[in-house]
Amino acid sequence: MSTDQPSPPSYAELHEEGWRRLLAAALRRLERTGGALDGDIGLTAPTEAERRTVIGVTGRYRPETVKRLTVPLADLDAYLHGRYGTGLLKTLGRLHGPLRDRPAERADEVSARAQALEAAHASPLAALDWYPAWLEEIAADGTLTRLLRRGDGALLQAAVRVLENLPGVCGDADRGLLPLPVLAEWATGDTKALLPGGPLEQLVLRAAAQRATAGGAEPGRVPRDRAGRRTLWESVGAVADDLASQVLVLNIGARGDDVVCDWLRDATGFGIPFRLTLHQLTAADVVPAAREIHVCENPAVLRAAAAELEDRAAALVCTEGMPSAACHKLLAAAARSGARLHWRADFDWTGLRITAAAVERHGARPWRMTTADYRSALAVGESTPLTGPPAASPWDPALASALRESDQAVMEERLLPELLSDLG
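Scope of this entry: the structure provided in the associated data block. Predicted model only: the values in this text are computed from it and were never measured. Throughout, a residue's number is its position along its own chain's written sequence, starting from 1. Predicted model: local features are reported for residues with pLDDT of at least 70 only, side-chain atom pairs are reported and counted for 80 or more only, and whole-chain, interface and lining totals are derived from all residues. Only heavy atoms go into the side-chain values, all of them from the structure, while hydrogens and water stay out.

## Some words on the environment of proline 63
Relative to the helices and strands, proline 63 resides in the loop between α2 (48-58) and β2 (68-72). Between the C-alpha atom of proline 63 and that of alanine 339, which follows or precedes it by 276 residues, the distance is 95 Å. Helix numbers and strand numbers start at the N terminus; a helix is a DSSP run of H or I with at least 4 residues, a strand a run of E with at least 2.

Given below as structure tokens:
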């Protein structure tokens, strides 16, 4: 008795022109409906070969002038079953591999999204306004779905662990700034998990940007430039590079007997501007010797003070825009030692935010940041329109009102004669 198995059918004709579009349409329909064989599929502008194939499948004549051919899936299934003994589903499976069940995939995806969000909402951070807003945003814009589809759903929980370990987020300021490799190791076990441009870094920085917005900072997406991303990391208590984080100073002096303090004293003796890195500040534990320290936003002010006043200039620190981690560390040490900080920035919304934050964080005193100073500077020359969302000026509420009224920004270089007079 023969034990030979029947040979699988040859589907050669199904690769020909008359069948290709018809079977492709059937495949799309079945994957979309979970394999249901009810309903029809159609071919627009059919070729002669397709017309003849459909006539053969349905047993009904179609004229050469037909613009669209409609084929019941049940007829196609019956034809293939009668000709090959495999039916439509099995035939497509042998031609293209297992069919996808898209409704089931969508259901699984919805379930996975719900589980991921439920786990993320279980974090203690869920009590903070910005955290649920961040989760809502990455769920609404498709970020979470894309992570799940490519098998990276675990990155959301990794991002949550990173956020929970950030000193600036969890309120553990005594821990100090965390280097990113240390943070990555604590949260994920991989020191390289937060490399620039990676998906985990992007997730965490989006949360940091949402937190900054909730705190009254300018809203916006994650900065694309390295400096902007570094500033965002520092705002939540992490430092990407303690050599890149710097602060520009003039005549602040220093107390201590290490080499960094010697450099600062020498620079002060000659009235030479000096750059300090966060690495130097951390290694040397620098405490400025000056008891009165002025703080400006733009390097042009410090440069002018060094050129005109040299070693006679009062101690001056320049934030160069948003204060860096190095700047905050230096000025926090100065404030703790009893130094008084006199702080100013540009007359724009960002400048108001910087100054308000300095008052709250360091106990700084606004320096020529009154409504009168603004109106006087505004009257001197042309100004540029304000941009971004408005900010408050708690030390002088009328100042913010004056900015809204004029809708004009005034850079602090406009006040240079007055500032140099103060510094001299």
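From this point, the discussion proceeds with the structure in view.
## A closer look at the nonpolar core
What makes a nonpolar core is a set of buried Ala, Val, Leu, Ile, Met, Phe, Trp, Tyr and Cys residues whose side-chain atoms join them at distances within 4.5 Å. Think of it in three bands: residues with accessible area under 20% of the maximum for their type are buried, residues over 50% are exposed, and the middle band is partly exposed, with areas taken using a 1.4 Å probe on protein chains only. Membership of the largest hydrophobic core comes to 40 residues, with the highest contact counts inside it found for Trp134, Leu166 and Trp233. Elements represented by at least two residues in this core include exactly α5 (102-121), α6 (130-140), α7 (143-149), α8 (154-165), α10 (180-188), α11 (199-214) and α12 (226-235). Two residues qualify as a contact provided that any one of their heavy atoms is within 4.5 Å of a heavy atom in the partner residue. Beyond its immediate sequence surroundings of up to four residues, tryptophan 233 is in contact with Leu166, Leu180, Leu183, Leu194, Glu201, Val204, Leu205, Ala238 and Ala240. Phe274, Val317, Leu331 and Trp343 belong to the second largest nonpolar core, which has 33 residues in total.

## Describing the pairing of strand β9 (residues 340-343)
Pairing between strands requires that DSSP locate at least two bridges from one strand to the other. Judged from the 4 bridges that link them, strand β7 (residues 292-296) and β9 form a sheet pairing that is parallel. Paired with isoleucine 293 across the two strands is leucine 341, which belongs to β9. Strand direction decides the pairing type here: β9 and strand β10 (residues 365-366), joined by 2 bridges, are parallel. Residue pairing in the sheet places histidine 342 in a bridge with arginine 365 of β10. Read as a crossover between parallel neighbours, the route from β9 over helix α17 (residues 349-362) to β10 is right-handed. Seen with the strands pointing away from the viewer, any crossover whose path from the first strand over the helix to the second strand runs clockwise is right-handed.

## Section: the sheet that holds strand β6 (residues 274-277)
Strands sit in the order β6-β5-β8-β7-β9-β10 across an open sheet of 6 strands; the sheet is mixed. The sheet is open, and its two edges are formed by β6 and β10, each paired on a single side. Only the contacting stretch of a helix is used when fitting its axis, a line to C-alpha atoms as for every element, and angles between N-to-C directions run 0 to 180 degrees. Helix-sheet contacts for α17 involve β9 and β10, and the interaxial angle to β9 is about 170°.

## Remarks on the packing of aromatic side chains
Only centres within 6.5 Å qualify two rings of Phe, Tyr or Trp (six-membered ring in Trp) as a pair; their planes then separate them into stacked at under 30 degrees, edge-to-face at over 60, and tilted for everything else. Per the stated rule, a full pass over the model turns up 6 aromatic pairs. Ring centres of tyrosine 131 and tryptophan 134 lie 5.6 Å apart, and the angle between their planes is 50°; this geometry places the pair in the tilted category. In this pair, tyrosine 131 and tryptophan 134 are both assigned in helix α6, 3 residues apart and thus about one turn of the helix distant. Here tyrosine 131 matches tryptophan 134 in class, with each residue buried. Taken together through their ring pairs, the aromatic side chains of Trp130, Tyr131 and Trp134 make up a single cluster. A positively charged side chain is recorded as over a ring if its NZ (Lys) or CZ (Arg) lies within 6 Å of the ring centre. The angle to the ring normal must also be within 35 degrees. The side chain of arginine 344 reaches across the aromatic face of phenylalanine 347, ending 5.2 Å from its centre.

## With respect to α17
With 14 residues, α17 should cover 20 Å at 1.5 Å per step; its first-to-last C-alpha distance of 20 Å lies within 8% of that length. Within the sequence span of α17, burial applies to Trp349, Gly351, Leu352, Arg353, Ile354, Thr355, Ala358 and His362. Its buried side turned inward, α17 meets α16 (325-336), β9, β10 and α19 (397-406). By definition here, a helix of n residues has an expected span of 1.5 Å times n minus one.

## Concerning the pairing of strand β5 (residues 246-250)
For β5, the buried fraction is high: 4 of the 5 residues fall into the buried class. One ladder, built from 4 bridges, connects β5 with β6; its direction is antiparallel. Across the sheet, residue valine 249 finds its bridge partner in β6, namely phenylalanine 274. Where β5 and strand β8 (residues 315-318) come together, 3 bridges link them in antiparallel fashion. Counterpart to leucine 248 in the pairing with β8 is cysteine 318.

## Side note on the packing of helix α1 (residues 17-33) against α5
Here α1 crosses α5 at 40°, and the two axes come no closer than 5 Å. One element, α1, and the other, α5, form an angle in the oblique class. Contacts between α1 and α5 involve Glu31, Arg32 and Thr33 from the former and Arg102, Pro103 and Arg106 from the latter. Here the nonpolar group is Ala, Val, Leu, Ile, Met, Phe, Trp, Tyr, Cys and Pro; Asp, Glu, Lys and Arg are the charged ones; every other residue, Gly included, is treated as polar. Taken together, the residues that form the contact of α1 with α5 break down as 1 nonpolar, 1 polar and 4 charged. Just so you know how the angles are binned, under 35 degrees is roughly parallel, over 145 roughly antiparallel, 65 to 115 roughly perpendicular, and the rest oblique.

## Some words on the pattern of salt bridges
What counts as a salt bridge is simple: a side-chain nitrogen of Lys or Arg found within 4 Å of a carboxyl oxygen of Asp or Glu. Evaluated as defined, the whole model comprises 19 salt bridges. Between glutamate 13 and arginine 83 there is a salt bridge; the shortest N-O distance is 2.3 Å. Remark: arginine 83 occurs in helix α3 (residues 73-84) and glutamate 13 occurs in the segment before α1; sequence separation between them is 70 residues. Measuring nitrogen to oxygen at the nearest pair gives 3.9 Å for the salt bridge that ties arginine 368 to aspartate 373. The class of arginine 368 is partly exposed, set by a relative accessible area of 27%. Note on aspartate 373: relative accessible area 17%, which makes it buried. The network of salt bridges with shared partners includes Glu48, Arg51, Arg52 and Glu64.

## Re the side chain of serine 393
Assignment of secondary structure puts serine 393 in the loop between β11 (384-385) and α19. For the purposes of these results, a polar contact is taken to be a pair of N or O atoms within 3.5 Å, where, inside protein, one atom must be able to donate a hydrogen and its partner to accept one; residues adjacent in sequence count only when each atom of the pair is a side-chain atom. Of the polar contacts made by the side chain of serine 393, one reaches the backbone oxygen of aspartate 396; its length is 2.6 Å. Those residues in contact with serine 393 that lie beyond four places of it in its chain are Leu352, Leu399 and Ala400.

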